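# Structural overview for review
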Amino acid sequence: MLVYKISPDIEAFSTNISDSTDFEVVLPLHQAHTALVRRIPEEIDDITGVDALITDRKGLRIGVKTADCVPVLVYDPVHSAIAAIHSGWKGTAQNIIKATISRMVKEFGTVPCDVRAVIGPCIHEEAFEVGDELVDIFRGGTRAEDYPFAHRLPHPENGIVKWHIDLPGICRQQLMDCGVIDTSIETRPECTWTMHDSFYSARRLGRDFGSQRILNCIKLL
């Protein structure tokens, strides 16, 4: 279990679903790689196909499941509000982070520069090999060679050079684009692909992946 020391006023951690999970947590019933955000418990009956949850209710643990995708846990210490975000490449392309921070601003009065965030274990650039079409989605009008979150890297075994995307780097930039201060964001170094013995990697495990997930949880104390 990875415990994040964001603040003594919250509990935040990531843990494998196969580990001891003797705790209650509200999770989306199905994560559909969307930019949909729901407030808990007010909208708890409408969390199917949702990829981010927010709350200001103390003692209510919320979370998301990941296995290569980027988990982002957010805390607003001024208005005592939190968020749990599942940002896969589709959700990142739709900027679910912006959708979540914007909803926190609307619901709780959050000021982004007050926010603290953790980007948890996920697949890192060295392991996230992608095609040209995905690079095109993220870079927009920027030349591929000038886009800071995509690089052409050689395969460690056959040397073939292909595009790789820095998904947690994009998520970090999206947080900062919302107004979150760089020094208030922690990006964890754990890569799910390279550390697949400790964390689940859907890409690495393939058909053996099944229902294995990492639970990324946060709660106001």
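Residues numbered from 1 in each chain as written. Predicted model: local features only at pLDDT ≥ 70, side-chain atom pairs only at ≥ 80, totals over all residues. Heavy atoms only, no water.

## Here we look at the nonpolar core
Formally: Side-chain atoms within 4.5 Å are what join buried Ala, Val, Leu, Ile, Met, Phe, Trp, Tyr and Cys residues into a set we call a nonpolar core. Throughout this description, buried means an accessible area under 20% of the type-specific maximum (1.4 Å probe, protein chains only), exposed means over 50%, and partly exposed covers the range between. Put simply, DSSP H or I for four residues or longer makes a helix, DSSP E for two residues or longer makes a strand, and each gets a number counted from the N terminus. Contacts: residue pairs with any heavy atoms within 4.5 Å of one another.
The biggest cluster of nonpolar side chains holds 39 residues, and the ones touching the most others in it are V72, V74, M104, I165 and L175. Going through the elements one at a time, β4 (52-55), β6 (70-76), β7 (81-87), α2 (96-108), β8 (116-119), α3 (132-139), β11 (161-165) and α4 (167-178) are the ones with two or more residues in this core. When neighbours within four sequence positions are excluded, L175 is seen to be in contact with V72, I97, A117, I119, V180 and I185. The next biggest cluster of nonpolar side chains, apart from the first, holds 22 residues, and it includes L53, L73, I214 and L220.

## Things to note about the side chain of T92
As a reminder, the rule being used: By the criterion applied in these results, polar contacts are pairs of N or O atoms within 3.5 Å in which, for protein atoms, one can donate a hydrogen and the other can accept it, and in which residues neighboring in sequence qualify only through two side-chain atoms.
Here T92 shows up in helix α1 (residues 89-93). Polar side-chain contacts of T92 include one of 2.7 Å to the side chain of S87. In this view, T92 contacts S87, F138, L167, I170, C171 and Q174; residues no more than four positions away in its chain are not counted.

## Re α3
Stated precisely, the cut-off is as follows: By construction, the arc corresponds to the directions joining the helix axis to the C-beta atoms.
Looking only at α3, the buried set comprises L134, V135 and F138. Along the axis of α3, the buried residues cluster in a sector spanning 100 degrees; they form a single face. In this structure, the buried side of α3 is in contact with α1, β9 (129-130), β10 (150-154), β11 and α4.

Geometry only, nothing functional implied.
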